[in-house]
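# Remarks on the overall topology
Listed below, chain by chain, are the residues.
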Amino acid sequence: MTAPDLAALRPHLPSPVEEVADERFARRGVRLLLKRDDLIHPRLPGNKWRKLEPNLLAAAAQGRRTLLTFGGAYSNHLRATAAAGRLLGFATIGVVRGDELAGRPLNRSLARCAADGMELRFVDRATYRRKTEPEVLAALGAGDCFVVPEGGSNAAAARGCAALGAELRGAADVVGVACGTGGTLAGLAAGLAGAGRAIGFPVLRGGFLTAEVERLQTEAFGGRRGDWSLDDRFHCGGYARVSPGLTAFADDFTARHGVPLERLYVAKALHGLTTLAEEGSFAPGTTVAAVITGGPE
């Protein structure tokens, strides 16, 4: 089977870097850059292209043209997989966490997946937690599919995200990114190659991401790579949780800079970086970059 023509999607890479004048950073002698990964492709949400490209190539190399993957009701990864599948001729199956959603009208994210041709399969949460077990995968009909993990995070995705770090190498001393499954941080830190420090801001509570990022880096690169850490203070109680304080921060940032912030990931990372700046965590002369991993609906 021939490889898909990924160039047909015309991703805009490297993504732009924009400097914004924010007094909360400037009064500490710190510059703030926005790495606009939300502008990579108009139909694929955010920076999911970086994770999907190597997995699409791997699927084609194995002779598989059906992708099966996983996500919650508001998963950007599901949306990106569905869009890429439609544009490149892959069939897509999305396993959605929560069988209680099956009888309800689709939200905007899932409706977009369905419009792009994704078959949605809703499973109960206990089954979803066992989604990597062979018997569960078999019951889901994964035998003839190329299985992409939740969030698209696997070794191939981490290697794909290393380009993000390479694009920022030499441009920023500190790079902040929101983390769901850890693949972007794993690749970002490796791509920075010690020329900058990466900070991940988990959007889920639980404190499990350190081990997950280390696992991904080991599988992708043979061991821990780069200078990276996690700050668990900004998840607002868990995935898809948004506090009044976060909403106020995001509204204020948009008013200051004209950049609308996606709330479940991007606003949490920028809130984290702004808090660190105000705490004096960055030395004067530091250049900080925030990865804008996606835009609002």
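The structure under discussion appears in the preceding block.
Keep in mind that what you see is a predicted model, and the values were worked out from it rather than measured. (Residues numbered from 1 in each chain as written. Predicted model: local features only at pLDDT ≥ 70, side-chain atom pairs only at ≥ 80, totals over all residues. Heavy atoms only, no water.)

## A closer look at the sheet that holds strand 6 (residues 146–147)
Spelled out, the test is: Strand pairing is defined by DSSP finding a minimum of two bridges between the two strands. Only DSSP runs of H or I reaching four residues or more are called helices, and only runs of E reaching two or more are called strands; each is numbered from the N terminus.
One open sheet holds the four strands; their spatial order is 5-4-3-6, and the pairing between them is parallel. The open sheet has two edge strands, strand 5 (119–123) and strand 6, and neither has a second partner. Pairing of strand 4 (residues 91–97) with strand 5, which is carried by five bridges, proceeds in the parallel orientation. Within strand 5, the position partnered with I93 by the bridge is E119.

## Topic: unusual backbone geometry
To be explicit about the condition: Here's how the labels work: a residue is buried when its accessible area is under 20% of the maximum for its type, exposed when over 50%, partly exposed in between, all with a 1.4 Å probe on protein chains only.
Of the consecutive residues L13 and P14, the connecting peptide bond is found in the cis state with omega at -5°. Here P14 is to be found in the segment before strand 1 (17–20). One non-glycine residue, A193, adopts positive backbone phi at about 55°. Position of A193 among the secondary structure elements: in the loop between helix 8 (183–192) and strand 8 (197–202). Given the relative accessible area of 55%, A193 is considered exposed. Positioned with a positive phi, A240 is a non-glycine residue whose angle comes to about 65°. Looking at the secondary structure, you find A240 in the loop between strand 9 (227–230) and helix 10 (244–257). Note on A240: relative accessible area 36%, which makes it partly exposed.

## A few points about helix 7 (residues 155–168)
We count it as follows: Here the expected span of a helix is defined as 1.5 Å times the quantity of residues minus one.
With 14 residues, helix 7 extends 21 Å from end C-alpha to end C-alpha; this agrees with the ideal 20 Å at 1.5 Å per step. Residues A155, A156, A157, A158, C161, A162, L164, G165 and L168 constitute the buried set of helix 7. One or two residues past the end of helix 7 sits G170, with phi positive at roughly 90°.

## Points about the side chain of K51
Convention followed: Charged residues are defined narrowly, with Lys and Arg counted positive, Asp and Glu counted negative, and His plus the chain ends left uncounted. Definition used for salt bridges: Asp or Glu carboxyl oxygen within 4 Å of a side-chain nitrogen of Lys or Arg. For this analysis, residues touch if any pair of their heavy atoms sits within 4.5 Å.
Within the fold, K51 resides in helix 2 (residues 48–61). An unpaired buried charge is present at K51: no salt bridge exists, and E212, the closest side chain of opposite charge, is 9.6 Å distant. Residue contacts for K51: discarding those within four places in its chain leaves G151, G152, S153, A157, C161, T181, G183 and T184.

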